[in-house]
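# Structural description and commentary
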Amino acid sequence: MFVQIKLIHEERPGEKWQHFFERVWPFYKKWFTSEGYLRRPGYMTCMDALETHMPEIIPFYEALTEQAGGGDLEARFLSMYCPPPYMSGCSQMAVSGEENALIRNYDYHPRLFDGKVLHTNWLQPVIGMTDCTWGLLDGMNASGLVASLTFGGRKTTGVGFGIPIIMRYVLETCTNIHEAIEAFSRIPIHMSYNVTVLDKEGSFATIYLAPDRAAHVTFQAACTNHQEIIEWYDYAAMTNTLERKEFMENYLLNKGLTLQQQVDAFLAPPLYHTNYEKYFGTLYTAVYNLKTNSLTLVWPHKTEVICFDDFNEKKIQVKLEKNVSNHLLK
């Protein structure tokens with residue numbers, strides 16, 4: 001099994017994004033309408049929600065909608081307002097000290113993955129891994145702010161935005177964790193997610209977001225797929241969310257390891273997963289290093305360094321490992 005990631009540099013919405021959208025829209029359309037056309041809010045409802053909560057990115061939303069053909073369904077999808085439920089795995093950890101960095105594993109199925117690192121310059125330069133074509137799973141901006149998401153381990157859904165567009169908004173408009181916390185806390189979200197943010201000063205926070213209760217801000221460095229307590233026991237057991245978080249807190253953050261040793265630990269159990277058939281396999285490890293202003297994508301046998309000032313468009317194809325061991329624990 002392979003994962004393919006394409007690096008794209010397009011400062012404003014243009015042909016490169018349009019070609020990507022045209023290729024993936026049939027698959028997203030099937031997902032978006034899976035519960036019926038009328039289960040998703042109408043265009044005016046979506047636009048009103050954007051104007052209320054994220055007005056700064058409306059010009060880019062409108063430009064992307066036009067490039068997507070300007071249709072009603074495309075516009076509703078791109079707003080990411082009240083989308084169908086979705087979830088993934090993921091482990092992430094903020095490292096503050098000599099090198100301020102955020103390390104994350106994204107766990108999902110390779111066929112349900114945008115596979116695009118997009119370098120844009122809308123409200124400010126942003127590099128990140130896309131989801132839903134223009135939202136973000138993780139990313140960093142030129143101000144030195146990094147954000148990464150994990151699923152929050154709850155079945156509850158509500159009226160709000162999909163987390164990828166909120167991630168995009170925060171990295172477009174915010175410069176530090178204080179601004180990021182304010183934005184994440186006020187924008188309504190449709191499912192429970194955990195977001196870890198880190199800025200160039202080394203300040204970090206993990207924010208537990210939910211559609212049915214206020215955001216809860218913690219200053220925990222490590223985050224997996226639950227919030228304060230386990231609320232979905234079957235999912236927690238399948239994903240080993242407690243084991244992963246305890247490993248990061250008790251070992252990676254308390255053993256005096258170098259950044260490289262911490263990164264290496266993300267390439268092995270209990271953080272690295274290979275259950276791709278059940279949508280819980282590690283597709284990539286991302287290391288956002290604010291000392292070098294770089295994103296490094298890492299796999300057991302491949303590394304790709306990506307920088308704002310030296311961004312080379314290319315395709316990366318990696319064979320996903322199914323047999324890995326934790327050499328740190330031997």
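Heads up: the structure comes first, above all this text.
The shown structure was predicted, so the numbers you read here are calculated from the model rather than taken from an experiment.

### Regarding the nonpolar core
With 91 residues, the main nonpolar core has Ile5, Val117, Trp134, Ile163, Phe184, Tyr284 and Leu297 as its most contacted residues. Ignoring sequence-local partners within four residues, the contact set of Ile163 consists of Tyr86, Leu149, Phe184, Ile189, Tyr193, Val195 and Leu209. Listed in part, the 18 residues of the second largest apolar core include Met93, Tyr251, Leu259 and Phe266.

### A closer look at unusual backbone geometry
Look at the link from Pro269 to Pro270: it is a cis peptide, with omega at 5°. Along the chain, the position of Pro270 falls in the loop between helix 9 (259-265) and strand 12 (274-275). At Asn240, a position not held by glycine, the phi torsion is positive, near 55°. Mapped onto the elements of the fold, Asn240 is located in the loop between helix 7 (233-239) and helix 8 (241-252). Backbone geometry places Asn293, a non-glycine residue, at a positive phi of 50°. Position of Asn293 relative to the elements: it lies in the loop between strand 13 (280-289) and strand 14 (294-299).

### A look at the sheet that holds strand 6 (residues 135-141)
A sheet is described by the order of its strands in space; here nine strands give the open sequence 10-9-8-7-6-5-4-1-16, paired in mixed fashion. Each of the sheet's edge strands pairs with one partner strand only, and the pair in question is strand 10 (216-218) and strand 16 (314-319). Each adjacent strand pair in this sheet contributes to an overall mean axis angle of 20°, direction not counted. In terms of strand pairing, strand 1 (residues 2-9) meets strand 16 through six bridges, oriented antiparallel. Each bridged residue has a counterpart across the sheet, and for Leu7 the counterpart in strand 16 is Lys314. Packing of helix 5 (residues 163-173) onto the sheet brings it into contact with strand 4 (116-121), strand 5 (125-131), strand 6, strand 7 (145-151), strand 8 (193-199) and strand 9 (204-209), and relative to strand 6 it is tilted by some 15°.

### Focus on the packing of helix 2 (residues 43-53) against helix 4 (residues 72-79)
Axis separation between helix 2 and helix 4 bottoms out at 9 Å; the angle between their running directions is 30°. Crossing geometry of helix 2 relative to helix 4 is assigned as left-handed. Contacts between helix 2 and helix 4 involve Tyr43, Cys46 and Leu50 on the former and, on the latter, Asp72, Ala75, Arg76 and Ser79. Across the contact of helix 2 with helix 4, the residue classes break down as four nonpolar, one polar and two charged.

### Details of the side chain of His190
Within the element layout of this structure, His190 appears in the loop between helix 6 (177-186) and strand 8. Here His190 falls in the buried class, since its relative accessible area comes to 2%. Of note is the side chain of His190, whose polar atom sits 3.4 Å from the backbone oxygen of Pro83. Residues in contact with His190, not counting those within four places in the same chain, are Pro83, Pro84, Pro85, Tyr86, Thr156, Thr157, Gly158, Gly160, Phe161, Gly162 and Pro211.

### Remarks on the packing of aromatic side chains
Taken as a whole and assessed by the stated rule, the structure comprises 23 aromatic pairs. Pairing Tyr106 with Phe113 gives two aromatic rings, centres 5.9 Å apart and planes at 35°, and the pair type is tilted. Exposure class is identical for Tyr106 and Phe113. Each is buried. Both rings, one in Phe151 and one in Tyr193, keep their centres 5.7 Å apart while their planes meet at 75°; by these two values the pair is edge-to-face. Placement of Phe151 in strand 7 and of Tyr193 in strand 8 is noted, with a sequence separation of 42 residues between them. With respect to burial, Phe151 and Tyr193 carry one shared label: buried. Taken together, the ring pairs in this structure connect Trp17, Phe21, Trp25, Tyr28, Trp31, Phe32, Phe77, Tyr86, Phe151, Tyr193, Trp232 and Tyr235 into an aromatic cluster.

Rules used in this analysis
Residues numbered from 1 in each chain as written. Predicted model: local features only at pLDDT ≥ 70, side-chain atom pairs only at ≥ 80, totals over all residues. Heavy atoms only, no water. Core = buried A, V, L, I, M, F, W, Y, C linked by side-chain atoms within 4.5 Å. Buried < 20%, exposed > 50% of the residue type's maximum accessible area, 1.4 Å probe, protein only. Contact = heavy atoms within 4.5 Å. Helix = DSSP H or I, 4+ residues; strand = E, 2+ residues; numbered from the N terminus. Pairing = 2+ DSSP bridges. Axes fitted to C-alpha atoms, helices over the stretch in contact; angles between N-to-C directions. Left-handed = near helix turned anticlockwise from the far one by under 90°. Nonpolar A, V, L, I, M, F, W, Y, C, P; charged D, E, K, R; others polar. Polar contact = N/O pair within 3.5 Å; in protein donor to acceptor, adjacent residues only side chain to side chain. Phe/Tyr/Trp six-rings, centres within 6.5 Å; stacked < 30°, edge-to-face > 60°.

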